[in-house]
2 protein chains.
Amino acid sequence: MSQVVIDAIDRKILKYLITNARMPFLEIARKCGISGAAIHQRIKKLDESGVILGSRLVVDPKMLGFDVCAYIGIRLQDVSILMQTVDRLKQIPEIVECHFITGTYNLFVKLYCVDNEHLMTTLCDRILAIPGISTTQTYISLNEAFQRQIYVDCLHD
Amino acid sequence: MSQVVIDAIDRKILKYLITNARMPFLEIARKCGISGAAIHQRIKKLDESGVILGSRLVVDPKMLGFDVCAYIGIRLQDVSILMQTVDRLKQIPEIVECHFITGTYNLFVKLYCVDNEHLMTTLCDRILAIPGISTTQTYISLNEAFQRQIYVDCLHD
DNA sequence: TCTGAAACGATTGAACA
DNA sequence: TGTTCAATCGTTTCAGA
């Protein structure tokens, strides 16, 4: 996949915004030692080049009443229907993540439900209703120990 | 887990910010038909009550050079070291998510690596170096079909 | 819980080094 | 790429309903 040239200042900008998407550009500017307008221009470039995909508020699912988080591995009868299956999965709002994977399953999804009953109806009435699914395995997350973003500094320093 | 009373306006505010954490409060105010000050007060309340955990810039891992995304299921020899193991996993920057789960594994992590070699060294030199790990299984994500946030409207309307 | 007003700070675009 | 400047717009707080 195409890459983009990102220098130390870009990485610093990303690092700040990855932990707080609403950090004022002027505050970043002060920390980076350049002007606010320069930060603005760099962020615009990062945005246009596709490095920045967007920003999100992070909410606590449990506080909103979603007490159950689960991962489901999905095995298809026939890999040719992979894309159609993804489209069907996308229509299920409880599913927040969907991956193509190697190994025992073809697809792997993450979802949030209100309770176990909600998980069961989502699995049985919505997911298993999709034609071509051979088997599934559900892994219930008892607790999310942590969740964070990529550590940009892992890269070429 | 404790829940909080959230009305339709709160849900509308969250809905906007979940897809764009930098949306100006005044714009939300216009869409909700109340003043900017009221939006500010509501967001402050949602923040203080723990519904809002923070905000994040979403970056494309591939654009930053992280070509490999994987999930690893981890089985421990002894569940009593669960918390210590989480602490050790937290120190590995490549790991972005860590769950306690039911089933075949005790822990389940998501990580990003630069390439397969990086994945292998992270697994062998860092993860398997943690004492008490019995077995692991790695699922490589060939592609993330989609990733999004909880759909707030799943709830009580 | 809302509003409007006022003060302050941030964003954005243009012109230029 | 960077800078400064100026206009516009957003944020935040407070008093009061």
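Note: the structure precedes this text.
Since we're looking at a predicted model, the values are computed, not measured.

Engineer: For this particular structure, what's the right way to read the side chain of Asp60(B)?
Structural biologist: If you trace the backbone, Asp60(B) turns up in the loop between strand 1 (52-59) and strand 2 (68-76). This buried residue, Asp60(B), is left without a salt bridge; Lys62(B) holds the nearest opposite charge, at 6.7 Å. For Asp60(B), the residues in contact, after removing those within four places along its chain, are Gly50(A), Val51(A) and Leu53(A).

Engineer: Would you explain the packing of helix 1 (residues 8-19) of chain A against helix 3 (residues 36-48) of chain A in this entry?
Structural biologist: A packed helix pair is summarised by two numbers, namely the angle formed by the two axes and the spacing between the axes. Residues and elements named next belong to chain A. At a minimum axis separation of 11 Å, helix 1 and helix 3 run at an interaxial angle of 85°. By the angle between their directions, the pair helix 1 and helix 3 is classed as roughly perpendicular. Together, Ile9, Asp10, Ile13, Leu14 and Leu17 of helix 1 and Ile39, Arg42, Ile43 and Leu46 of helix 3 make up the contact between the two elements. Residue composition of the contact of helix 1 with helix 3, by class: seven nonpolar, no polar and two charged.

Engineer: Could you clarify how one ought to interpret the packing of aromatic side chains in this entry?
Structural biologist: Both the distance between ring centres and the angle between the ring planes are used here to describe each pair of aromatic rings. What the rule picks out here adds up to 10 aromatic pairs over all chains. Consider the rings of Tyr71(B) and Phe108(B), whose centres lie 5.5 Å apart with planes at 15°: the pair is stacked. Here Tyr71(B) is found in strand 2, whereas its partner Phe108(B) is found in strand 4 (residues 107-113), with 37 residues between them in sequence. Phe108(B) shares its class with Tyr71(B); the two are buried. Through a chain of ring-to-ring contacts, the aromatic side chains of Tyr71(A), Tyr105(A), Phe108(A), Tyr139(A), Tyr71(B), Tyr105(B), Phe108(B) and Tyr139(B) assemble into a single cluster.

Engineer: Can you walk me through the pairing of strand 5 (residues 133-147) of chain B in this structure?
Structural biologist: Where a strand is regular, its side chains alternate between the two sheet faces. Pairing analysis gives five bridges linking strand 3 (residues 95-101) of chain A to strand 5 of chain B, with the strands arranged antiparallel. Following the sheet pairing, His99(A) is matched in strand 5 of chain B by Glu144(B). Examined bridge by bridge, strand 2 of chain B and strand 5 of chain B share eight bridges and lie antiparallel to one another. Bridged to Gly73(B) within strand 5 of chain B is Gln137(B).

Engineer: When you look at the interface of chain A and chain B in this model, what are you seeing that I'm missing?
Structural biologist: Much of the literature gives interface size as the accessible area that the parts lose upon coming together. If you look at the interface, chain A gives 73 residues, while chain B gives 73 residues. Summing both partners gives a buried area of about 7,400 Å² for chain A against chain B, and 63% of it is carried by carbon and sulfur. For the interface between chain A and chain B, the tally reads 47 residue pairs in polar contact (both at pLDDT 80 or more). When residues of the side of chain A that touches chain B are traced back to their parent elements, those giving at least two are helix 1, strand 1 (52-59), strand 2 (68-76), helix 4 (82-90), strand 3, strand 4 (107-113) and strand 5 (133-147) of chain A. When residues of the side of chain A that touches chain B are assigned to their parent elements, the largest contribution, 10 residues, is made by strand 5 of chain A. Its residues assigned to classes, the side of chain A that touches chain B comprises 44 nonpolar, 18 polar and 11 charged. Relative to strand 1 of chain B, strand 1 of chain A runs antiparallel, the two being bridged by seven bridges. Pairing of Val58(A) across the sheet is with Gly54(B), part of strand 1 of chain B.

Engineer: Help me understand the protein's contact with DNA strand D in this model?
Structural biologist: Taken together, 15 residues surround DNA strand D, and among them Arg22(A), Ser35(A), Arg42(A), Lys45(A) and Phe25(B) come closest. For DNA strand D, the fraction of atoms within 4 Å of the protein that belong to sugar or phosphate moieties is 69%. One of the side-chain nitrogen or oxygen atoms of Gln41(A) is found 3.2 Å away from a base oxygen of DNA strand D. Between DNA strand D and Arg42(A), the relevant distance is 2.3 Å, taken from a phosphate oxygen to a side-chain nitrogen or oxygen of the residue.

Engineer: I would appreciate a short explanation of helix 2 (residues 25-32) of chain A in the present structure.
Structural biologist: Turn by turn, an α-helix covers 3.6 residues, leaving residues three or four places apart pointing in a common direction. Residues and elements named next belong to chain A. Within the sequence span of helix 2, burial applies to Ile28, Ala29 and Cys32. Relative to the axis of helix 2, the buried residues are bounded by an arc of 105° and lie together on one face. Turned more than 90 degrees away from the buried face of helix 2 sit Leu26 and Arg30, all of them exposed. Each element contacted by the buried residues of helix 2 is listed here: helix 1 and helix 3.

Calculation rules
Residues numbered from 1 in each chain as written. Chains lettered and ligands numbered in written order. Predicted model: local features only at pLDDT ≥ 70, side-chain atom pairs only at ≥ 80, totals over all residues. Heavy atoms only, no water. Helix = DSSP H or I, 4+ residues; strand = E, 2+ residues; numbered from the N terminus. Buried < 20%, exposed > 50% of the residue type's maximum accessible area, 1.4 Å probe, protein only. Lys, Arg positive; Asp, Glu negative; His and termini not counted. Salt bridge = Lys/Arg side-chain N within 4 Å of Asp/Glu carboxyl O. Contact = heavy atoms within 4.5 Å. Axes fitted to C-alpha atoms, helices over the stretch in contact; angles between N-to-C directions. Parallel < 35°, antiparallel > 145°, perpendicular 65-115°, else oblique. Nonpolar A, V, L, I, M, F, W, Y, C, P; charged D, E, K, R; others polar. Phe/Tyr/Trp six-rings, centres within 6.5 Å; stacked < 30°, edge-to-face > 60°. Pairing = 2+ DSSP bridges. Buried area = accessible area lost by both parts, 1.4 Å probe. Polar contact = N/O pair within 3.5 Å; in protein donor to acceptor, adjacent residues only side chain to side chain. Near = heavy atom within 4 Å. Arc of directions from axis to C-beta.

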